[in-house]
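# Fold and geometry: a report
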Amino acid sequence: MTALLPHYPVQLTLNAALDSPAAYPEFLSQYFCPEEFANAREVISRWPGYQVSPLVALPGLASAAGIKTLHYKDESQRFGLASFKPLGGAYAVTRLMTRIIKQRTSEPVDAGKLLGGGYASLIRDITVTAATDGNHGRSVAWGAQRCGCQSVIYIHQHVSPQREQAIRDLGAQVIRIKGHYDDSVRVAYQSAQAPDWYIIQDTTDGTETETTLDVMRGYTLLADEAIQQMSEPPTHLFLQAGVGGMAAAVLARYWYELGEQRPVTILCEPRTAACCYLSLQAGRPVVAPGSLETMMAGLACGEVSSLAWDVLETGANAAVMLDDDSVPNCMKMMADSPFGDPHLVAGESAVAGVIGLIGLAQNEQARKQLCLDHNSRVLVFGTEGATDPELYLQIVGKTAAEVLQSD
């Protein structure tokens, strides 16, 4: 059944707190309610350049993995930034600027005028700041550039020069600090204590929640689009973890839509930065030890967001730890398509869900524990394309353009 699949070692932990499927928790309605889902869809879908990202069927890989269907939500072209992140950071920037402009003018804010820089004279003294491994900071800088405010983005010592330059190209001041991602988050929060500075972060320790919630609410559009694109809902979600924001947002949207019939949700993250895995295993937030270095740069996070944890501890079924050694092979596999599926440009973090699926598909005990069988309909998210083109070429041996020309 799975003889053609590559061998990707994974380690599984189940969420012992989940006894049985549950209805959408009432407390989550404070974070994610129909009005917030609708607002994210309404606002973002009006942005210039908005297009629903492709949902690509991978029947060849599905057959090899012994499941019914596999769909890959391809975020490699989203708003020209090559990742899903504009849905979060830029959305949070626009919501913050809308609130500030309303306070300063006491008048309704025209969304089109805001994104066209029409209120720049009112908000050019405002600075938004964030910490990033690359994609989130690029999203925040893009949102600030479009609205006409300032942006200062903090990166850590392991962020590639190419990702740093991509942020600078959007008009941001970029400051590199020693340490890892969580260190840069703390510096960003400290800087946001200055007058007229605001944090736009995809994680929080609970002390500041409004903009982090806005980031996550923007991410719900990923699931909103997929719900419309799939003729049948997925039975399983394999979601990149990181700080947990995207995973929590997608899970919450499907949970609200399907209630007790929501998909089995498996979190996927690097073995060297497995904060969500360790937290599910312990039943409480746990800080991942070590340097957090991983090829999956967008998932190099050592602390789960408190808002995301509220969702994941009550709704995620399991988590898997992945080895970095699997990443180059999987990126090449997606590009070369040995199973006869479309050729896809998948960046280092984009393949986490695919690695998790393939690793578990070859483990009979895990399949039984997760009800992963020939009737399963799996959805994974290709969260980024070639966000570092030089690194992508080095790993895959082709440019993104050459991969896409293969079809």
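Look up a bit, the structure's there.
For every chain, the first residue of its written sequence is number 1, and the numbers climb from 1 along that sequence. Totals for whole chains, interfaces and linings use all residues, but because this is a predicted model, local features are given only for residues with pLDDT of at least 70 and pairs of side-chain atoms are given and counted only at 80 or more. To obtain the side-chain values, all non-hydrogen atoms of the structure were used and water was disregarded.

For the rest of this paragraph, the subject is empty space enclosed by the protein. Cavities and pockets were defined on a 1 Å grid built over protein atoms only: a cavity is a set of grid points that admits a 1.4 Å probe from which the probe cannot escape, a pocket is an open set flanked by protein on both sides within 12 Å along at least five of seven lines, and lining residues are those with an atom within 4 Å of any such point. Grid points are joined across faces, edges and corners, and a volume is the space filled by probe spheres set on the points. Summed over the entire model, instances satisfying the criterion amount to two cavities of 30 Å³ or more. Reported here for the largest cavity is a volume of approximately 300 Å³. Lining the largest cavity we find 26 residues, and of these Phe84, Lys85, Asp202, Gly298 and Leu299 sit closest to its centre. Labels follow the DSSP assignment, with helices taken as runs of H or I lasting at least four residues and strands as runs of E lasting at least two, numbered in each case from the N terminus. Taken together, the elements giving at least two residues each to the lining of the largest cavity come down to β4 (127-132), α6 (135-147) and α10 (245-258). Its residues assigned to classes, the lining of the largest cavity comprises ten nonpolar, eleven polar and five charged. In this structure, the second largest cavity occupies an estimated 60 Å³ of space. Residues are sorted three ways: Asp, Glu, Lys and Arg are charged, Ala, Val, Leu, Ile, Met, Phe, Trp, Tyr, Cys and Pro are nonpolar, and all the rest, Gly among them, are polar.

Residues grouped as a nonpolar core are buried Ala, Val, Leu, Ile, Met, Phe, Trp, Tyr and Cys residues, joined through side-chain atoms within 4.5 Å. Summary of the burial criterion: residues with accessible area below 20% of their type's maximum are buried, those above 50% are exposed, and those between are partly exposed, where the area comes from a 1.4 Å probe applied to protein chains only. Ranked by size, the top nonpolar core spans 86 residues in total, and within it Met97, Ile123, Val128, Val250, Tyr254, Leu267 and Leu312 carry the most contacts. Residues count as neighbours in contact if any of their non-hydrogen atoms are within 4.5 Å of one another. The contact partners of tyrosine 254, leaving out residues within four places of it in the chain, are Ala223, Ala226, Ile227, Met230, Pro234, Leu237, Gly259, Arg262, Pro263 and Leu379. Ala64, Leu70, Val264 and Met331 belong to the second-largest nonpolar core, a separate cluster that totals 49 residues.

As a further point, take the pattern of salt bridges. A pair is scored as a salt bridge if a Lys or Arg side-chain nitrogen falls within 4 Å of a carboxyl oxygen belonging to Asp or Glu. Summed over all chains, the structure comprises 25 salt bridges. Two residues, arginine 163 and glutamate 348, come together in a salt bridge whose shortest N-O distance is 3.0 Å. Of this pair, arginine 163 sits in helix α7 (residues 161-168) while glutamate 348 sits in the loop between α13 (326-336) and α14 (352-361); the two residues are 185 residues apart in sequence, bridging distant segments of the chain. Notably, a salt bridge pairs glutamate 164 with arginine 176, separated by 2.6 Å at the nearest N-O pair. With glutamate 164 in helix α7 and arginine 176 in strand β6 (residues 173-177), the pair connects residues that are twelve residues apart, well separated along the chain. Ionic contacts of the salt-bridge type, sharing partners, join the residues Glu36, Arg95, Arg99, Glu210, Asp214 and Arg217 into one network.

Aromatic contacts are taken between Phe, Tyr and Trp rings whose centres are within 6.5 Å, Trp giving its six-membered ring; a plane angle under 30 degrees counts as stacked, one over 60 as edge-to-face, and the others as tilted. A full pass over the atoms with the stated rule returns nine aromatic pairs. Between the aromatic rings of tyrosine 50 and phenylalanine 79, the centroid separation amounts to 6.3 Å while the plane-to-plane angle is 40 degrees, which identifies the pairing as tilted. In this pair, tyrosine 50 is assigned in the loop between α1 (34-44) and β2 (55-57) and phenylalanine 79 in the loop between β3 (69-74) and α3 (89-105), connecting sequence segments 29 residues apart. Here tyrosine 50 matches phenylalanine 79 in class, with each residue buried. Counting as a charge over the ring demands two things of the Lys NZ or Arg CZ atom: a distance within 6 Å of the ring centre and an angle within 35 degrees of the ring normal. A cation over an aromatic ring shows up here: arginine 253 above the ring of phenylalanine 37, its NZ or CZ 4.6 Å from the ring centre. Seen from the ring of tryptophan 255, arginine 262 lies directly overhead, with NZ or CZ sitting 4.5 Å from the centre.

A word on the sheet that holds strand β1 (residues 10-14). Sheet strands pair by backbone hydrogen bonding; their relative direction is either parallel or antiparallel. A sheet is described by the order of its strands in space; here seven strands give the open sequence β1-β10-β9-β8-β11-β3-β2, paired in mixed fashion. Each edge of the sheet is formed by a strand with only one pairing partner; in this case those strands are β1 and β2. The mean angle between the axes of side-by-side strands here comes to 25 degrees, regardless of whether they run parallel or antiparallel. Criterion used throughout: strands pair if DSSP finds at least two bridges between them. With three bridges connecting them, β2 and β3 associate as antiparallel partners. Of the residues in β3, the one forming a bridge with alanine 57 is histidine 71. Working convention: axes come from line fits to C-alpha atoms, limited for helices to the stretch in contact. Angles between N-to-C directions cover 0 to 180 degrees.

Quick look at the packing of α3 against helix α9 (residues 210-229) now. Each pair of packed helices can be summarised by the angle the axes make with each other and by the distance between the axes. Put simply, α3 and α9 touch, their axes get as near as 7 Å, and they point 130 degrees apart. With respect to their mutual orientation, α3 and α9 come out oblique. Helix-helix and strand crossings are classified by hand; for α3 and α9 the assignment is right-handed. Residues Gly89, Tyr91, Ala92, Arg95 and Arg99 of α3 lie in contact with α9, whose contacting residues are Glu210, Thr211, Asp214, Val215, Arg217 and Gly218. Across the contact of α3 with α9, the residue classes tally to three nonpolar, three polar and five charged. Between 65 and 115 degrees an angle is taken as roughly perpendicular, under 35 as roughly parallel, over 145 as roughly antiparallel, and anywhere else as oblique. Rotating anticlockwise by less than a right angle from the far helix to the near helix defines a left-handed crossing, while the corresponding clockwise rotation defines a right-handed one.

Take the sheet that holds β4 next. Overall, parallel pairing links the four strands, which are arranged β6-β5-β4-β7 in an open sheet. Strands with a single pairing partner mark the edges of an open sheet, and in this sheet they are β6 and β7 (197-199). The mean inter-strand angle of the sheet, taken between neighbouring strand axes irrespective of direction, is 25 degrees. Where strand β5 (residues 150-156) and β6 come together, five bridges link them in parallel fashion. Bridging across to β6, isoleucine 153 finds its partner in valine 174. Strands in contact with α6 are β4 and β5; relative to β4, the strand with the most contacts, it is inclined by about 165 degrees.

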